Amino acid sequence: MTVLWPDFNRWHLYAGILYYQRHYQVIQQVKNEKAVENAQIQYVSDSRCVQTDFDCDSQKLNIHDLVQQYSTQRQDRIKQFLHFVHQKQAKTLEDVMKFIK
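This structure is a prediction, so every number in the text was calculated from the model and none was measured.

1. Let's talk about the side chain of Arg74
- Following the sequence through the fold, Arg74 ends up in helix 4 (residues 63-100).
- Arg74 gets classed as buried once you look at its relative accessible area, which sits at 16%.
- A polar side-chain atom of Arg74 sits 2.9 Å from a polar atom in the side chain of Asp46.
- The residues touching Arg74, leaving out its near neighbours within four places in the chain, are Gln42 and Asp46.

2. Focus on the packing of aromatic side chains
- Across all of its chains, the model carries three aromatic pairs by this definition.
- An angle of 80° between the planes, with centres 5.2 Å apart, marks the rings of Trp11 and Tyr14 as edge-to-face. Separated by three residues within a single helix, Trp11 and Tyr14 lie in helix 1 (residues 10-22), roughly one turn from each other.
- Ring geometry for Tyr20 against Tyr24: centres 5.8 Å apart, planes inclined by 70°, an arrangement best described as edge-to-face.
- Here Tyr24 falls in the partly exposed class, since its relative accessible area comes to 39%.
- Sitting over the face of the ring of Tyr70, Arg77 holds its NZ or CZ atom 5.7 Å from the ring centroid.

About the thresholds
Residues numbered from 1 in each chain as written. Predicted model: local features only at pLDDT ≥ 70, side-chain atom pairs only at ≥ 80, totals over all residues. Heavy atoms only, no water. Helix = DSSP H or I, 4+ residues; strand = E, 2+ residues; numbered from the N terminus. Buried < 20%, exposed > 50% of the residue type's maximum accessible area, 1.4 Å probe, protein only. Polar contact = N/O pair within 3.5 Å; in protein donor to acceptor, adjacent residues only side chain to side chain. Contact = heavy atoms within 4.5 Å. Phe/Tyr/Trp six-rings, centres within 6.5 Å; stacked < 30°, edge-to-face > 60°. Lys NZ or Arg CZ within 6 Å of the ring centre and 35° of its normal.

Below, the structure is given as structure tokens:
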């Protein structure tokens, strides 16, 4: 049932909560399947990047180890980027607060 905000009351909220509780296991199963699918997609992407960066056949290196190393480096780059963004956000807020005073 589609209800827009002015007509939404507590019974609609209760119905939504009940619906969620009744379908919680299905929702969790879909979330878990999607997480596995995303992990597989990420692994394939990392494998392709490693294969283009290294000539694994000539160096006789273990491709799985290289993919793990690449994945760790990618995660570190993401953490560094997010840290930079959070620092920049904090500095911007400090500058705004100084301007307001």
